[in-house]
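Residues per chain, in single letters:
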Amino acid sequence: MGIIAASRLRAGARNPMFDNAVAYYRLDETTGDAIDLVNGYNGTLKGFIGRNGEYYTFDHPNDYVEIGDEDDFSFTDGNGNNTDFVIKTEVVFDDFNNLDRAFLVSKRSDVISGVQEWQLIYTNDELKFFIYSNTNENYQITTAFIPTIGQKYILGVTVIGTIIKLFIDGVIEQSETLPLGFTFFNGSSVVKLGDETITSKLNLLGKLKETVIIKGSGWSTQNITDNYNGGAGITY
């Protein structure tokens, strides 16, 4: 199967790396909601998001997709145990706001205990992922990342057991061990794409597509390489 065909896998030939996907957004609609292909967790568009059938374009503050709060988006099993997970998105940076930061995929919503959960963000030449514990501590993993304007990047984070990894374009850029006893939190915040509303200047100036959340399994090094697929990506 060639690169183009492999990048558009359909339901009958879904790649096993998506077997535990709880939400998948191609972001290729031109009208209506942002459609989740897995569980129907559709997203509502806020602001003035541009759409061309391939990308969603975010070019104003408070442009974001609001998806909602589901247990599937919290990485616990209901019995006090963490679950493996993946959060992956494809992004093009068209510019940077004057604080040089952008929330890409997040479940944060506020700065108070009992709400904030996790965030995948770009800030000041770094890709970062924060995740909060049930005691309101936060853990962050960071790697250097200086995006080129107009270039597509496939970015994400995965956890397998106690190992957390950040990846960029098919390469694991940072791998760390979570602190002993660090238990992820299941809160009440909603998932957003493209911005957060806890304060100003968190907005992406650019484009998103092909965004997935997986719960119950993580991605191996080979999965991460395969998903990059020479830059074409692999879709659900």
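Since the model is a prediction, treat every value here as computed from it, not as a measurement.

1. Re the side chain of N203
Part 1: Structurally, the position occupied by N203 is in the loop between β14 (191-193) and β15 (205-215).
Part 2: Taking the relative accessible area as the measure of exposure, N203 reaches 4% and is therefore buried.
Part 3: With near-sequence residues (within four places) excluded, N203 lies in contact with H60, P61, N97, R101, A102, G194 and D195.

2. Comments concerning the environment of D125
Part 1: Secondary-structure assignment places D125 in the loop between β8 (118-123) and β9 (126-132).
Part 2: Each C-alpha atom of the pair D125 and I146 lies 4.8 Å from the other, and the pair is 21 residues apart in sequence.
Part 3: Residues in contact with D125, not counting those within four places in the same chain, are D100, T143, A144, F145 and I146.

3. Structural notes on the sheet that holds strand β5 (residues 64-68)
Part 1: Taken together, the seven strands give an open sheet; going across it, the order is β2-β5-β14-β7-β8-β9-β10, and neighbouring strands pair in antiparallel fashion. A strand with exactly one partner marks an edge of an open sheet, and here the two such strands are β2 (44-46) and β10 (138-144). Pairs of neighbouring strands in the sheet enclose a mean axial angle of 25 degrees, with direction left out of account.
Part 2: Of the strand pairs in this sheet, β8 and β9 are connected by six bridges, and their pairing is antiparallel. Residue T123 lies in a different strand from β9, and its bridge partner there is E126.

4. Some details on the packing of aromatic side chains
Part 1: Following the criterion strictly, the structure yields 19 aromatic pairs and no others.
Part 2: Taken together, a centroid distance of 6.0 Å and an interplanar angle of 65 degrees make the contact between F18 and W219 edge-to-face. With F18 in the loop between α1 (3-6) and β1 (21-25) and W219 in the loop between β15 and α2 (221-228), this pair connects stretches of sequence that are 201 residues apart.
Part 3: Residues F85 and F129 carry aromatic rings whose centres are separated by 5.9 Å and whose planes lie at 45 degrees to one another, so their mutual orientation is tilted. Within this pair, whereas F85 is found in strand β6 (residues 85-95), its partner F129 is found in strand β9, the two being separated by 44 residues in sequence. In this structure, F85 and F129 share a single accessibility class: buried.
Part 4: Taken together, the ring pairs in this structure connect F75, F85, W118, F129, Y139, F182 and F184 into an aromatic cluster.
Part 5: Over the ring of Y55 we find K209; its NZ or CZ atom is 4.8 Å from the centre of that ring.

5. Looking at the confidence of the model for the protein chain
Part 1: Mean pLDDT for the protein chain: 91, with 92% of residues reaching 70 or above.
Part 2: Counting contacts from residues 1-11, a segment whose pLDDT is below 50, to residues more than four positions away or on other chains yields 21 contacts.

6. Notes on the pattern of salt bridges
Part 1: Per the stated rule, a full pass over the model turns up nine salt bridges.
Part 2: A salt bridge links K107 to E117, with the shortest nitrogen-to-oxygen separation between them at 2.5 Å. On the criterion of sequence distance, the pair formed by K107 in strand β7 (residues 101-107) and E117 in the loop between β7 and β8 is long-range, its members being ten residues apart.
Part 3: One salt bridge in this structure joins E126 and K128, with 3.6 Å as the shortest N-O distance.
Part 4: K128 sits in the buried class, given a relative accessible area of 16%.

The rules behind these values
Residues numbered from 1 in each chain as written. Predicted model: local features only at pLDDT ≥ 70, side-chain atom pairs only at ≥ 80, totals over all residues. Heavy atoms only, no water. Helix = DSSP H or I, 4+ residues; strand = E, 2+ residues; numbered from the N terminus. Buried < 20%, exposed > 50% of the residue type's maximum accessible area, 1.4 Å probe, protein only. Contact = heavy atoms within 4.5 Å. Pairing = 2+ DSSP bridges. Axes fitted to C-alpha atoms, helices over the stretch in contact; angles between N-to-C directions. Phe/Tyr/Trp six-rings, centres within 6.5 Å; stacked < 30°, edge-to-face > 60°. Lys NZ or Arg CZ within 6 Å of the ring centre and 35° of its normal. pLDDT = per-residue confidence, 0-100. Salt bridge = Lys/Arg side-chain N within 4 Å of Asp/Glu carboxyl O.

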